[in-house]
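The chain contents come next:
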Amino acid sequence: MDNKPERILIATSNTGKFREYSDLLSGIPIPIIGLANLPPLPEPDETGSSFSENAALKAARYAVLTGEWTMADDSGLEVNALNGAPGIHSARFGGYGSDYRTKNELLLDLIARQESDDRKARFVCTIAVASPDGVIVMEAQGECRGVIAESPRGINGFGYDPIFIPNGFEQTFAELRSEEKREISHRARASSEIIRKMLDFMGV
Ligand code: ITT
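What counts and what doesn't
- Residues numbered from 1 in each chain as written.
- Predicted model: local features only at pLDDT ≥ 70, side-chain atom pairs only at ≥ 80, totals over all residues.
- Heavy atoms only, no water.
- Near = heavy atom within 4 Å.
- Polar contact = N/O pair within 3.5 Å; in protein donor to acceptor, adjacent residues only side chain to side chain.
- Areas by Shrake-Rupley, 256 points an atom, 1.4 Å probe, with all protein chains shown as cover.
- Helix = DSSP H or I, 4+ residues; strand = E, 2+ residues; numbered from the N terminus.
- Disulfide = S-S within 2.5 Å.
- Buried < 20%, exposed > 50% of the residue type's maximum accessible area, 1.4 Å probe, protein only.
- Contact = heavy atoms within 4.5 Å.
- Axes fitted to C-alpha atoms, helices over the stretch in contact; angles between N-to-C directions.
- Parallel < 35°, antiparallel > 145°, perpendicular 65-115°, else oblique.
- Left-handed = near helix turned anticlockwise from the far one by under 90°.
- Nonpolar A, V, L, I, M, F, W, Y, C, P; charged D, E, K, R; others polar.

**Observations regarding the site of the ligand**
Then, number 1: The environment of the ligand is made up of 21 residues, and the closest members are Thr12, Lys17, Lys58, Tyr100 and Asp161.
Then, number 2: Measuring from an oxygen atom of the ligand, one finds a backbone N or O atom of Ser13 at 2.8 Å.
Then, number 3: Within the side chain of His186, a nitrogen or oxygen atom sits 3.1 Å from an oxygen atom of the ligand.
Then, number 4: Burial of the ligand by the protein chains amounts to 94% of its free accessible area of 620 Å².
Then, number 5: Within the residue set of the shell around the ligand, elements represented by two or more residues are β3 (70-79) and α5 (186-202).
Then, number 6: Tallying contributions element by element places β3 first for the shell around the ligand, with four residues.

**Regarding the state of the cysteines**
Then, number 1: Going through the model one piece at a time under the given rule, you end up with zero disulfides.
Then, number 2: Not engaged in a disulfide, the cysteine Cys125 finds its nearest cysteine sulfur in Cys144; these two sulfurs lie 11 Å apart.
Then, number 3: Residue classification places Cys125 among the buried residues on the basis of a relative accessible area of 0%.

**Some thoughts on the side chain of Ser185**
Then, number 1: Relative to the helices and strands, Ser185 is located in the loop between α4 (178-184) and α5.
Then, number 2: Its relative accessible area of 1% is what places Ser185 among the buried residues.
Then, number 3: A distance of 2.9 Å separates a polar atom in the side chain of Ser185 from the backbone nitrogen of Ala188.
Then, number 4: Sequence-distant contacts of Ser185, defined by excluding residues within four places in its chain, comprise Cys144 and Phe173.

**A word on the packing of helix α1 (residues 15-24) against α5**
The description of two helices packed together rests on the angle between their axes and the distance between the axes.
Then, number 1: One can describe the packing of α1 onto α5 by two numbers: an axis separation of 11 Å at closest approach and a directional angle of 45°. Accordingly, the angle class assigned to the pair α1 and α5 is oblique. Both α1 and α5 take part in a crossing whose hand is right-handed. Touching Lys17, Glu20, Tyr21 and Leu24 of α1 are Arg187, Ala188, Ser191 and Ile195, all from α5.
Then, number 2: Its residues placed into classes, the contact of α1 with α5 shows four nonpolar, one polar and three charged.

Here it is, written out as structure tokens:
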């Protein structure tokens, strides 16, 4: 295994996630590159049965394909009224090709048709870091609890942000400024933990 990373690949094809990581990982003292900096690569199938398995699978696969130190995240939204769905299927919910306006409307319709009106929900994020030979060297997790809004609101962020109201706020993630989301989000919490572990690993 190579000793220490000189740069790190943030392996996501989700531009919303990549934007957030560019900001959240500014405390790491090595350059960050994205998939856009590399020749096109096949996307791995997310065949794991947990956020953790899928994050590890993505990090290891991209590391081996590129020979880079690689960080990947698997994340998603768990809704109580839907017994935790869409969860690890968040990106596939409503069909891979469907846009987020459609996914959000579909999720709200589905919740409205449940007997349970428990709109409590949480965003989950698991980050895995793989060395260039595909060995997972560290992992971190974060969550952000909240409730599902009655209708989509706001234009910031990405994905399910317009329908998620974090605890302690009245606005959805998509109504908050990016600086506010980065204080409390599942990704921010997982990022703080992974930064601590990386600095430790690098002896900084
Ligand atoms: P990569 O696998 O390439 O990273 P992806 O979009 O497929 O991209 P995931 O498999 O982790 O990523 O799916 C996560 C899903 O949950 C995806 O639909 C996201 O849009 C959504 N999601 C995750 N974090 C989010 C956040 O902070 N705000 C809104 N939606 C989020």
